[in-house]
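These are the residues of each chain, in order.
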Amino acid sequence: MIKIAIIVGSTRPGRKAEAVAKWVYEIAKKRSDAVFEVVDIEDFNLPLLDEPVPPSLAQYSQPHTKAWSAKIAAFDAYVFVTPEYNHGTSGALKNAIDFLYHEWNNKAAGFVGYGSAGGTRAVENLRLIMGELQVADVRAQVALSLFTDFENFTTFKPAALHEKSVNAMLDQVIAWGGALKALRNK
Ligand SMILES: Cc1cc2nc3c(=O)[nH]c(=O)nc-3n(C[C@H](O)[C@H](O)[C@H](O)COP(=O)(O)O)c2cc1C
């Protein structure tokens, strides 16, 4: 069965990302066609990229990079839970992505965004980044609104309809994550 990481894309104190990622995980774990784990970038204490050699050469010098690499390498696919900061993803998530290269290649990804416009601009930003990392990002995505899915713009209370969109996104991530296994095993 393929392994999917649900990546918590914010390290901001008081972040919404954690509640959103837990909600995604609760929906995902009802499925029997993949195994899921929440991966919190905050747990890896990544500084701003401090590797002297570009990640594509995989010559990591820092213990935090090695730990992050080992974690990410273990998955077949990813669900990025992303806030929208100035119409892009968070600096913390972009930095964490930039630390690695081969670990992401030939894998699949889906997105759960949130913001005033459903985090859609942050997800578009991530799709460009995925192209460079050779990640197959799926069409179906989850767009949560700060206006209607967070009480007082704070407490996460997602509308019921979003459970269906999480599963639609996961269907595609699981299909592509599995299909690309042949390529990864080459
Ligand atoms: C630096 C910054 C920039 C932001 N820019 C946007 C934006 O462009 N679009 C948007 O919808 N929300 C924007 N927001 C609001 C965030 O969507 C909101 O604060 C959200 O809770 C951030 O996610 P987090 O709590 O998981 O860090 C911004 C927030 C911050 C802190």
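Please refer to the structure higher up on the page.
Residues numbered from 1 in each chain as written. Predicted model: local features only at pLDDT ≥ 70, side-chain atom pairs only at ≥ 80, totals over all residues. Heavy atoms only, no water.

Q: Quick question: what am I supposed to make of helix H1 (residues 17–28) here?
A: Given 3.6 residues per helical turn, the α-helix brings residues three or four places apart onto the same face. End to end, H1 covers 16 Å across 12 residues, agreeing with the expected 16 Å (1.5 Å per residue, within 8%). Buried residues of H1: Ala-17, Val-20, Ala-21, Trp-23, Val-24, Ile-27 and Ala-28, and no others. Along the axis of H1, the buried positions cluster into a sector of 160°, meaning they face one direction only. (Helix = DSSP H or I, 4+ residues; strand = E, 2+ residues; numbered from the N terminus. Expected span 1.5 Å × (residues − 1). Buried < 20%, exposed > 50% of the residue type's maximum accessible area, 1.4 Å probe, protein only. Arc of directions from axis to C-beta.)

Q: Where do I start with the pairing of strand E4 (residues 107–115) in this structure?
A: On a regular strand, each side chain points to the face opposite its neighbour's, so the side chains alternate between the two faces of the sheet. Among the 9 residues in E4, 9 count as buried, and that is most of the element. Pairing geometry for strand E3 (residues 77–83) and E4, over 7 bridges, is parallel. Counterpart to Phe-80 in the pairing with E4 is Phe-111. Of the crossover connections in this fold, the one passing from E3 over helix H3 (residues 91–98) to the parallel E4 is right-handed. Inspection of the sheet shows E4 paired to strand E5 (residues 135–145) by 8 bridges, in the parallel sense. Across the sheet, residue Tyr-114 finds its bridge partner in E5, namely Leu-144. (Pairing = 2+ DSSP bridges. Right-handed = clockwise from strand over helix to strand, strands pointing away.)

Q: In this structure, what is going on with H3? I would like to understand it.
A: If you check which residues of H3 are buried, you get Leu-93, Asn-95, Ala-96 and Ile-97. Along its buried surface, H3 packs onto strand E1 (2–8), helix H2 (63–73), E3 and helix H4 (120–132). (Contact = heavy atoms within 4.5 Å.)

Q: Looking at this structure, I do not really get the environment of Ser-10. What am I missing?
A: Relative to the helices and strands, Ser-10 resides in the loop between E1 and H1. Each C-alpha atom of the pair Ser-10 and Ala-92 lies 6.2 Å from the other, and the pair is 82 residues apart in sequence. The contacts of Ser-10, once residues within four sequence positions are left out, are Arg-15, Ala-17, Pro-83, Tyr-85, Ser-90 and Tyr-114. A distance of 3.4 Å separates polar atoms of two side chains, one belonging to Ser-10 and the other to Tyr-85. (Polar contact = N/O pair within 3.5 Å; in protein donor to acceptor, adjacent residues only side chain to side chain.)

Q: Mind showing me how you'd approach the site of the ligand here?
A: Around the ligand, 15 residues are found, and the nearest of them are Ser-10, Arg-12, Tyr-85, Tyr-114 and Ser-116. Take Ala-17: an N or O atom from its main chain is 3.0 Å from an oxygen atom of the ligand. Take Tyr-85: an N or O atom from its side chain is 2.6 Å from an oxygen atom of the ligand. Within the complex, 75% of the 610 Å² of free accessible area of the ligand lies under protein. Residue composition of the shell around the ligand, by class: 5 nonpolar, 5 polar and 5 charged. (Near = heavy atom within 4 Å. Areas by Shrake-Rupley, 256 points an atom, 1.4 Å probe, with all protein chains shown as cover. Nonpolar A, V, L, I, M, F, W, Y, C, P; charged D, E, K, R; others polar.)

Q: Hey, could you run me through the nonpolar core in this one?
A: Generally speaking, soluble globular proteins have nonpolar side chains that are buried together. Core analysis: the biggest nonpolar cluster contains 30 residues, and Ile-4, Val-20, Trp-23, Val-24, Val-112, Leu-144 and Met-169 have the highest contact counts within it. Ranked by the residues each element gives to this core, the list is headed by H1, at 7 residues. Not counting chain neighbours up to four residues away, the residues in contact with Val-112 comprise Val-20, Val-24, Val-79, Phe-80, Val-81, Thr-82, Val-142, Leu-144 and Met-169. With 27 residues, the next largest nonpolar core counts Val-39, Ile-97, Tyr-101 and Phe-111 among its residues. (Core = buried A, V, L, I, M, F, W, Y, C linked by side-chain atoms within 4.5 Å.)

Q: Before we go on, may I ask you to explain the packing of H3 against H4 in this structure?
A: Helix-helix packing: each pair is described by the crossing angle between the helix axes and the interaxial distance. Relative orientation of the contacting elements H3 and H4 amounts to 5°, with a least axis distance of 12 Å. With respect to their mutual orientation, H3 and H4 come out roughly parallel. On the side of H3, the interface is formed by Leu-93, Lys-94 and Ile-97, while H4 contributes Leu-126, Ile-129 and Met-130. Of the residues contributing to the contact of H3 with H4, the split by class is 5 nonpolar, no polar and 1 charged. (Axes fitted to C-alpha atoms, helices over the stretch in contact; angles between N-to-C directions. Parallel < 35°, antiparallel > 145°, perpendicular 65-115°, else oblique.)

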